[in-house]
Amino acid sequence: MRILLTEDDDSVRAFVSRALELDGHSVETACDGLDAMDRLLANDGEFDLLVSDVKMPLMDGIDLAHSAARKWPGLPILLMTGFADQRERADDLQKVIRDVLTKPFTLQEIRTAVSVAGAEKQQVA
C-alpha cells in the first residue's frame, strides 16, 4: 500500500514510517499539512492512505483532511492525535476518516489501523 504520512514530530514520523515500511508499505512523509497537500497535488492524490497528525503548524490534520476529501473523495484518511479535544473537530469527516488513533499508541495499534483502512479501500475498489 502507498501511504502518505504527515507528522510534525520527527521521532514519531520516523517511528511510524519505519513500522509501516517493515510491513511492506511504501511510505512517503510530510512534515506538516501544507507539505502533505503539495505531495498530494504532485501525485494527483494517488496514495492508498493518508495518515496524519491532527495538531501541526501551518495546516493542521483536520484542514488537511477536509482539503484532501474534497479533492480526492475516495482517499481513506487515518488521523492521530494526542489531544482529546481535537477528536470532535473531525466529527463531520466520519465518511472519509477511517479511525482516529489517540497518542501515545503502540506499534501494533498503528499497524492494525493501517491494515484495516487498507482492507476497507480494497473492498470499495
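What counts and how
Residues numbered from 1 in each chain as written. Predicted model: local features only at pLDDT ≥ 70, side-chain atom pairs only at ≥ 80, totals over all residues. Heavy atoms only, no water. Salt bridge = Lys/Arg side-chain N within 4 Å of Asp/Glu carboxyl O. Helix = DSSP H or I, 4+ residues; strand = E, 2+ residues; numbered from the N terminus. Buried < 20%, exposed > 50% of the residue type's maximum accessible area, 1.4 Å probe, protein only. Phe/Tyr/Trp six-rings, centres within 6.5 Å; stacked < 30°, edge-to-face > 60°. Lys NZ or Arg CZ within 6 Å of the ring centre and 35° of its normal. Polar contact = N/O pair within 3.5 Å; in protein donor to acceptor, adjacent residues only side chain to side chain.

An unreviewed UniProt entry lists the protein chain under the name CheY-like chemotaxis protein, with Rhodopseudomonas julia as the source organism.

(A) Quick look at the pattern of salt bridges. Taken as a whole, this structure holds seven salt bridges when the rule is applied. Between Lys 103 and Glu 7 there is a salt bridge, with the nearest N and O atoms lying 2.8 Å from each other. On the criterion of sequence distance, the pair formed by Lys 103 in the loop between strand S5 (97–102) and helix H5 (107–124) and Glu 7 in the loop between strand S1 (2–6) and helix H1 (10–22) is long-range, its members being 96 residues apart. Looking at Glu 7, the relative accessible area reads 1%, which means it is buried. In this structure, Arg 13 and Asp 10 form a salt bridge, with 2.5 Å as the shortest nitrogen-oxygen distance. Taken together, the positions of Arg 13 and Asp 10, both in helix H1 and three residues apart, correspond to about one turn of that helix.

(B) Geometry of the packing of aromatic side chains. Inspection of every chain in the model, using the stated rule, returns zero aromatic pairs. Against the face of Phe 47 rests Arg 2, its NZ or CZ located 4.2 Å from the ring centre.

(C) A look at the side chain of Asp 60. Positionally, Asp 60 belongs in the loop between strand S3 (49–53) and helix H3 (61–71). At 3.1 Å, the side chain of Asp 60 forms a polar contact with the backbone nitrogen of Ile 62.

(D) A look at unusual backbone geometry. With an omega dihedral of -5°, the bond running from Lys 103 to Pro 104 counts as a cis peptide bond. With respect to the secondary-structure elements, Pro 104 resides in the loop between S5 and H5. Although it is not a glycine, Asp 44 adopts a positive phi angle of roughly 45°. Take Asp 44: it is sitting in the loop between helix H2 (33–42) and S3.

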